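Close look at the chain arrangement
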Amino acid sequence: MEYVPNIEDLGRARPDLRGLEFVAAGGFKAVFKASVGDRSEAVKVIYIPPEAEEDSSREEIVARVKREIDALRLCRTKCLVSLGSLELQAVAIGGRDYLIYSEEFLAGTSLKSRIEGGHRPDTAEVLVLARCLLKALREIERIGHIHRDIKPANVIALAAPRRPFVLLDLGIAFKLHGTELTARGGGPPGTLLYMAPELFRPDYRDALDIRSDVYSVGVTLFEYAAGVHPLARRGEDVGTTIYRILRQPPSKLRDLRPELPERLCQAIDRCIKKRQALRYRNPQALLDELEGLT
Amino acid sequence: MTVLAQHGHQPTDKITRGLKENVISGVIFSARCASPEKARTLISEARLVGADAEILLDPEFYATRLIGTPNCQLGNLEGWPYFRAQRRRDLVKTEAVERVLKSAREAVSGFDVSAHIAPNVYIPQSFDSMEAGIALNFIEQTKPIFAGSRKLVYATLAVDRRALLSPEDFRSFLNDLTGLENPPDGFYVLIGGGPLAERSDLAQSEVMDANVIGGWMLLNFILSLNGFRVVNGFTDVLTPFLAAAGGQACSTGWWSNLRVFSMGRYVKPESGGGQLPTIRYLSKLLLNHIKITERYDYGVLVPGIVNRLSYDGVYDNGSPGRTEEALQMWEALTSLTQEAVSGNVENDLAALRERVTQAGVAYTQLRSYGVTAGYEITTEYLDQLDGAIDAFKRLAEL
C-alpha cells in the first residue's frame, strides 16, 4: 500500500500532530492515532492519485471526503463516530497529494476482531448492538443518506456502558437526493460480503435506499451473533459468494443460535431477504419490532 | 381475516341479510351500480344493519379507460364527478392526478364508510409501463389529498394478471411501492383476468394460474409485512390463500363476474345476456362451486363434499334462492378461511396444501365411483393452487 504515507514524512508535514501511531489502512485511506491539541484523535489521511492515473478522479475523491464530513457534521447520535478538531485540508506528504482531517479516537475492538476471536454474544448484547446500529442508521436516514458500508470491521465495541457500539466510516455514504453518480469504474459500491443483492445490479442506483443498509445491518448482526456469515463460506471464491448472495437462501439464525429468542432471530433473518420489499422498510420499523425484547 | 360482499347488480337483500346473519363482515359497494345519492343511501342502510361492519366504496376510476369504446357498459359511473376520460399523457402530471383525487374525495365526503378507497388507473400489461408510473403517482398522492377526511384511506391497485408474470418488473414495482415516503393506510387490490367462458367461475378463469396466484399472494404478503391493510376484491376461493399470505379482507359477490375481476365486465357481452346462471353450491372440500345436482349426487358418494354448515339446510330442502346461494358461499368461505388460516404463514401454507390434496382425493374418489365427466378440466385448478403455494414460497423467500 504505497499510498500510505510514511509516519516520519507525515510528522514532518504536520508537526502539530504529536505521538503519531499507524492504526489501519484501506482503499485510499490511512488512519493514524495522534494527539491534536489536548485530545487523542483518529487522523484520516486520504491519498489523491494524480489525474488520469487512477480510475477515481481527484474531484470525486475530494467530493466523497467532503460528503462524509458533511454527513458526520449533521448527525446527532453517539452511535456514530463524531468529527475531531482537525478540519479538512489538503497536504503534500513525501511528494504526494493527500487530504487530511480527524475524527474522535475510539479505543475499542472492532466486531470483526471479536468475531475472529470466537466471541459469542448473549441475547442482551445482540439486542444492544442491534439498537445501536439502527439508531445510527436512523440518523443517517434522517439526513437523507445511506451508509453503504456497514460491516463488522466498521463497528467498534467500546468498554463504555453508555456507548457500547459505534458505527464508523461514512466514506462511501450516498446522499439519496443529489449525489452525482461517480465515474468509479466497475468497483462495487460497498464491501462485497455485506452488500445487498440489489447493489450488484448495473442499475443499482435506481434501487438504492435505506433498505440496502438494513440488509448490511442484518448480515453484521447475524455474523456477530452466529460467528459465521449467513451466506459466504470460508475460503470460497468471490464468484461463488456473489452467486450465494444473489440466489441462495441464507442460513437461519435460529438454526445456529437456538437459545436466542425466536423473534430476534426472525427479525435479523428478515433483514437479509433478497427482495428489498421483504425487509424492514426503515430502521425505525426494526426498532419497533425489537421493542420489549430483553 | 374478514369476508366482505362485492356489490353488483341485483343485490336485493343479500347484503343486509349477510350482515344481519353474520356471514359477511362488510361490503364493498360499486360506484358503477349506484349513483352518488343511491350509494349514500346504501351505505347508510348497511351501517344501520352493521354498526361495526367494514363498509367501503370502490370508485372504479380504472374503468375510465373504457369511456368512449363501443359497447362499454359503465352504468352509473358517468354520474360520478371524478369519472371523466383522462388522456394518459395528462395523467403523468401530478396536478392532473391531484385533481382526480380531490374530485373523488369531495364526491364521497360525508359517506359513512369505514375507510375511503381512492381512485387509480388500471395497469394493463406490465409494471414497466406508463400506467404503472401513473398508478404509483396516484398512490403517492392519495394520503395527502385524503388527509382531511379523518378516515383511513386505501389506494386502489388494479393490475392485469400479465403484469404479475414479469418477475423483474414486479420486483421493482414492489420496491417502489413499499419505499414511498407518504403511503396510504392500505390497499384495495384487484387482479384482472377474464373468465375463459361466459359465466364460468374463478376456477376456470385466467387468474387460475399458479404464478398469478403466487404473485397475488406475494403482493398481500409484502404489503401486510410493510404495515398496510390489504383488502382484496373478487377473490372467491382464493380467499384463504390470500388470507394466509397476509390479506386482511377478501371480497366476493354473487354473480360470476363478482368472483373474478375483469375489465371485460365494463363491456357488453356479444351474446347480449340471456339465461341466468345455474345456482351453485360452494364445497369447502372441493374448493369449488358445484351445481345443486352435483351436491346431491356427489354428497352421497363422498359425504365430505357437503359442508354441513347452517345454510346447507336450504339446499337440503330443495332449490335455494339467489340470496341463499350468496349467503351459503360467504358462510363457506368464512368457515374455510377460519379453519385454514391461523396467522402463522408456514403452518397456514401447509394447511392449505393439505386442503388442495384433500380436494384432489375427493375428485379421485368420485372418479372411482364412475364420475369421470370433465375430470381433467375440473381438477386442473387444483394443480394451479398447489403450484401457487410453491410459487409464493419461492417469491416470498420462505
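Residues numbered from 1 in each chain as written. Chains lettered and ligands numbered in written order. Predicted model: local features only at pLDDT ≥ 70, side-chain atom pairs only at ≥ 80, totals over all residues.

1. A word on the domain arrangement of chain A
- Entries for chain A in the domain assignment read domain 1 (7-104) and domain 2 (109-290).
- Here domain 1 of chain A and domain 2 of chain A have C-alpha centroids that lie 25 Å from each other. (Domains from an automatic or database assignment.)

2. Thoughts on the environment of A:Ala124
Residue and element names in this part refer to chain A.
- Along the chain, Ala124 falls in helix 4 (residues 123-142).
- Look at Ala124 and you get exposed, because 10 C-beta atoms sit within 10 Å.
- Taking the C-alpha atoms as reference points, Ala124 and Leu260, 136 residues apart in sequence, are found 9.5 Å from one another. (Helix = DSSP H or I, 4+ residues; strand = E, 2+ residues; numbered from the N terminus. Buried ≥ 20, exposed ≤ 12 C-beta atoms within 10 Å, placed from the backbone.)

3. What to know about the sheet that holds strand 8 (residues 155-157) of chain A
Residue and element names in this part refer to chain A.
- In space, the three strands of this open sheet follow the order 6-8-9, with antiparallel pairing throughout. This sheet does not close on itself; its edge strands, each paired only once, are strand 6 (109-110) and strand 9 (165-167).
- Across two bridges, strand 6 lies against strand 8 in antiparallel orientation. Looking at strand 8, one finds that Ser110 is bridged to Ile156.
- Its contacts with the sheet place helix 4 against strand 8 and strand 9, and it is angled at close to 30 degrees to strand 9. (Pairing = 2+ DSSP bridges. Contact = placed C-beta atoms within 7 Å. Axes fitted to C-alpha atoms, helices over the stretch in contact; angles between N-to-C directions.)

4. Considering the domain arrangement of chain B
All names here are of chain B.
- On domain assignment, one finds that chain B holds domain 1 (2-266) and domain 2 (280-395).
- The straight-line distance from the C-alpha centre of domain 1 to that of domain 2 is 26 Å.
- The interface of domain 1 with domain 2 comprises 30 residues on the first partner and 29 residues on the second.
- If you list the elements that add at least two residues to the side of domain 1 that touches domain 2, you get strand 1 (2-6), helix 1 (14-20), helix 7 (210-225) and helix 8 (239-244).

5. What to know about the pairing of strand 9 (residues 249-252) of chain B
Residue and element names in this part refer to chain B.
- Neither face of strand 9 is left uncovered, since the one carrying Ala249 and Ser251 and the one carrying Cys250 and Thr252 both have all their residues buried.
- As defined by bridge partners, strand 1 adjoins strand 9 across four bridges and the pair is classed as parallel. When the sheet's bridge partners are listed, Val3 is paired in strand 9 with Cys250.
- One crossover worth recording links strand 8 (residues 229-232) to the parallel strand 9 by way of helix 8, and it is right-handed. (Right-handed = clockwise from strand over helix to strand, strands pointing away.)

6. Things to note about the nonpolar core
- Within the largest apolar cluster, 137 residues are counted, with the highest numbers of intra-cluster contacts made by B:Val27, B:Leu57 and B:Met217.
- At ten residues, the largest contribution of residues to this core is made by helix 7 of chain B.
- Sequence-distant contacts of B:Val27, that is, excluding residues within four places in its chain, are made with B:Leu4, B:Ala5, B:His7, B:Ile15, B:Ala46, B:Ala53 and B:Ile55.
- Listed in part, the 49 residues of the second largest apolar core include A:Val166, A:Leu167, A:Ile210 and A:Tyr215. (Core = buried A, V, L, I, M, F, W, Y, C linked by C-beta atoms within 7 Å.)

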